[in-house]
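In case you want the letters, here they are:
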Amino acid sequence: MNTTFQPNTKINITSGAFKAHSHEFYAYLRANEPVYQTMLPSKQPVWLITRYDDVVAMLKDERFAKNRRSAMTPEQAAKQPWMPGFLKPITLNMLTMDGADHDRLRGLVHKAFTPRLIENMRERIQTITDDLLDAAERKGGMDVISEFALPLPVIVIAEILGVPVADQHKFRVWSSAMIAGSAASGLAQMKMLPSLWAFIQYIRRLVQQRRANPQDDLTSALVQAQEAADQLTDDELVGMIFLLLVAGHETTVNLIGSGIFALLQHPDQMDMLRADPALIKSAIEELLRYTTPVEMADERFAREDVTVAGITIPRGAQVHGVIGSANRDENAFSDPDRLDLTRANNRHLSFGQGIHYCLGAPLARMEGQIAINTLLRRAPDLRLRVAAESLTWRDGIMLRGLDRLPVAF
């Protein structure tokens, strides 16, 4: 084990330096402290659940709520930090609701975000991929993150939602500011507010435009979606589009970027996939497990005292299932620290479990399959331009992804 992660060492689970070696710490926790309390930079205490079976159970357990207000005592709720009123709409989405409220929103979104819509994007995803690689080939290489893994899903989700091409670059700036500040302390959190305000105001204008002049896009479909005479309110539309724009690209950036990095570190696996592109479906599932783009499930809150692995988590506590740990659990996967693109019965948790299972999983899988197979086909001499040890990981609590990945062709 890396000596950085010894018992009682102060650890910042949101830092890129931690994420570079997080699997070593999680292995220690699984063996010794499977339910572990730590502190975020914001001074918010959080509980981490690290074993596979416990994470699965927690993600399905209604005693762990997504809506913090429904879990906390009145005294705990009174101590929650102040939130500007303009941020309220982004709390009105599927990831922050439970029970009937969640089911209502998911049902309405599912009517618009259909498997047919996703499958119809296949040729467009291939075209975008080829265009990005054309530009990279002319230069003899690229930064995989900023020039390939990022623009592909940004363009795809923006086109699905009907965001004009000229505006698409804004979302990376806004999204990055939000993720960097998500677990930060006071001043850093305040710095992200202007980006969030601009993001929310942009979505409001987009909704107004589509209400007045519907187009053939997902935003128009969400505006028009109805079920049992129910409809998304304007604030719910803002919250849902915000979620789709952020979740629709951030996780896929990490799947493609970290997936390519993992293949470069395992040339035997990369050569096997290049020789047999039909392996791509199982390869993507293994890369999802091995790299775990979403390292921690988003927060839940204990509705009551809950005992897990002999440890009692108190009511109102913030709890995270550590997907990155569960995906490397020795009791769930054979030889879990080995990358095996042919791994069978791969029950990874990278898209979650239960009612909050990722709605965009089919789209992320498709983007990953097309992007990685196309890159390997078009870049037979793909290699890193820098030492692997020099690469750094982005700060943030939930996601795990590289800042950059320079490669040559």
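In this convention, every chain numbers its residues from 1, walking through the sequence in written order. Owing to the predicted nature of the model, reporting of local features is limited to residues with pLDDT of at least 70; listing and counting of side-chain atom pairs is limited to 80 or more, with chain, interface and lining totals taken over all residues. The basis for every side-chain value is the complete set of heavy atoms in the structure, and neither hydrogens nor water enter the calculation.

Engineer: Can you break down the overall build of the chain residue by residue, with the values?
Structural biologist: Along the chain, the regular secondary structure elements total 19 helices and 10 strands. Here the C-alpha radius of gyration of the chain, 21 Å, is about what a compact globule of 409 residues would show, namely 22 Å. Across its three principal directions, the C-alpha atoms of the chain cover 60 × 60 × 40 Å. Each residue is placed in one exposure class: buried if its accessible area under a 1.4 Å probe, protein chains only, is under 20% of its type's maximum, exposed if it is over 50%, and partly exposed if it falls in between. Considering the chain as a whole, with its 409 residues, one finds that 56% of them fall into the buried category. Strands here mean DSSP runs of E at least two residues long; helices mean DSSP runs of H or I at least four residues long; both are numbered from the N terminus. Note that the radius of gyration is over C-alpha atoms, with the globule rule given as 2.2 Å times the number of residues to the power 0.38.

Engineer: An account of the sheet that holds strand β4 (residues 141–143) is needed here, citing residue identities and associated values.
Structural biologist: Within a sheet, each strand pairs with its neighbour through backbone hydrogen bonds, oriented either parallel or antiparallel. Read across the sheet, 3 strands follow the order β4-β10-β9 without closing on themselves; strand pairing throughout is antiparallel. Edge strands, defined here as strands with exactly one partner in the open sheet, are β4 and β9 (383–384). In short, DSSP must find at least two bridges between two strands for them to pair. As paired elements, β4 and strand β10 (residues 406–408) share 3 bridges and run antiparallel to each other. When the bridges of β10 are listed, Met142 appears paired with Val407.

Engineer: Please set out the packing of helix α17 (residues 280–291) against helix α19 (residues 361–378) residue by residue, giving values where relevant.
Structural biologist: Where helices are involved, their axes are fitted lines through C-alpha atoms of the stretch in contact, as for all axes, and angles between N-to-C directions lie from 0 to 180°. The N-to-C vectors of α17 and α19 enclose an angle of 110 degrees; their axes lie 10 Å apart at closest approach. The pairing of α17 with α19 is recorded here as roughly perpendicular in orientation. For the pair α17 and α19, contact is made by Ile280, Lys281, Ile284, Glu285 and Leu287 and by Arg365, Gly368, Gln369, Ile372 and Asn373, respectively. Comment on the angle field: the value is read as roughly parallel under 35 degrees, roughly antiparallel over 145, roughly perpendicular from 65 to 115, and oblique elsewhere. What makes two residues a contact is simply this: any of their non-hydrogen atoms within 4.5 Å.

Engineer: Which residues make up helix α15 (residues 234–265), and what are the values?
Structural biologist: Helix span, as expected, comes to 1.5 Å for every residue beyond the first. With 32 residues, α15 extends 47 Å between its outermost C-alpha atoms, agreeing within 8% with the 46 Å of an ideal straight helix rising 1.5 Å per residue. With 27 of 32 residues buried, α15 is to be regarded as a mostly interior element.

Engineer: Give a detailed account of unusual backbone geometry, specifying residues and quantitative values.
Structural biologist: The phi dihedral of Asp335 is positive, around 50 degrees, even though this residue is not glycine. Note on placement: Asp335 falls in the loop between α18 (323–326) and α19.

Engineer: Lay out the sheet that holds strand β3 (residues 64–65) in plain terms, naming residues and giving numbers.
Structural biologist: Taken in spatial order, the 5 strands of this open sheet run β1-β2-β8-β5-β3, and their pairing is mixed. Looking at which strands have only one partner, the edges of the open sheet turn out to be β1 (35–39) and β3. Of the strand pairs in this sheet, strand β5 (residues 300–302) and strand β8 (residues 318–321) are connected by 2 bridges, and their pairing is antiparallel. Bridge pairing in β8 places Arg300 opposite Val319. Sitting on the sheet, helix α3 (residues 52–60) is in contact with β2 (45–49), β3, β5 and β8, with an inclination near 125 degrees to β8.

Engineer: Can you tell me about the packing of aromatic side chains, naming the residues and giving the values?
Structural biologist: Two aromatic rings from Phe, Tyr or Trp, using only the six-membered ring of Trp, form a pair when their centres are within 6.5 Å; if the ring planes differ by under 30 degrees the pair is stacked, by over 60 it is edge-to-face, and anything between is tilted. Evaluated as defined, the whole model comprises 8 aromatic pairs. With 5.7 Å between their ring centres and 85 degrees between their planes, Tyr52 and Phe333 make a pair best called edge-to-face. Of the two residues, Tyr52 sits in helix α3 while Phe333 sits in the loop between α18 and α19, which places them 281 residues apart along the sequence. The exposure class assigned to Tyr52 is buried, which follows from its relative accessible area of 5%. Each residue in the set Phe18, Phe25, Tyr26 and Tyr36 is aromatic and connected to the rest through ring pairs, giving one cluster. For a lysine, the NZ atom is tested; for an arginine, the CZ atom; a charge sits over a ring if that atom is within 6 Å of the ring centre and within 35 degrees of the ring normal. A cation sits over an aromatic face here: Arg289 above Phe333, 5.3 Å from the ring centre. Directly above the ring of Trp393 sits Arg400, whose terminal nitrogen or CZ lies 4.0 Å from the centroid.

Engineer: Can you tell me about the packing of helix α10 (residues 151–161) against α15, naming the residues and giving the values?
Structural biologist: Look at α10 against α15: their axes get within 8 Å of each other, and the N-to-C directions meet at 155 degrees. Between α10 and α15, the interaxial angle falls into the category roughly antiparallel. At the point where α10 passes α15, the crossing takes the right-handed sense. Contact residues: Leu152, Pro153, Val154, Ile157 and Leu161 in α10; Ile241, Leu244, Leu245, Gly248, His249, Thr252, Val253 and Ile256 in α15. In a left-handed crossing the near helix is turned counterclockwise from the far helix by less than a right angle, and in a right-handed crossing that turn is clockwise.

Engineer: Tell me about the pattern of salt bridges, residues and numbers included.
Structural biologist: Here, a salt bridge means any Lys or Arg side-chain nitrogen found within 4 Å of an Asp or Glu carboxyl oxygen. Applying the stated criterion across every chain, the model contains 27 salt bridges. The salt bridge partner of Asp61 is Arg63, with a shortest N-O separation of 2.8 Å. Residue Arg63 is classed as partly exposed on the basis of its relative accessible area, which comes to 33%. The salt bridge involving Glu285 is made with Arg365; its shortest N-O contact spans 2.7 Å. Of this pair, Glu285 sits in helix α17 while Arg365 sits in helix α19, and the two are 80 residues apart along the sequence. Sharing partners across several salt bridges, the network here consists of Asp130, Asp134, Glu137 and Arg378.

Engineer: Give a description of the environment of Ile370 that names residues and reports values.
Structural biologist: Within the fold, Ile370 resides in helix α19. The spacing of Ile370 and Arg122 is 248 residues in sequence and 8.5 Å in space, taken between C-alpha atoms. Residue contacts for Ile370: discarding those within four places in its chain leaves Arg122, Ile125, Gln126 and Thr129.

Engineer: Tell me about the nonpolar core, residues and numbers included.
Structural biologist: Nonpolar cores were defined as sets of buried Ala, Val, Leu, Ile, Met, Phe, Trp, Tyr and Cys residues, with membership established by side-chain atoms within 4.5 Å. In terms of nonpolar packing, the biggest core is built from 95 residues, with Phe148, Ile260 and Leu382 touching the most fellow members. The greatest single-element share of this core, amounting to 17 residues, is contributed by α15. In this view, Ile260 contacts Val144, Phe148, Ile372, Leu375, Leu382 and Leu405; residues no more than four positions away in its chain are not counted. Formed by 21 residues, the second largest nonpolar core is a distinct cluster that contains Tyr52, Val306, Val319 and Ile323.

Engineer: Any details on the pairing of β1? Residues and values, ideally.
Structural biologist: Pairing analysis gives 5 bridges linking β1 to β2, with the strands arranged antiparallel. By the bridge assignment for β2, Thr38 is matched with Val46. In this structure, the hairpin formed by β1 and β2 is closed by a connection of 5 residues, where Lys43 is found at a positive phi of approximately 75 degrees.

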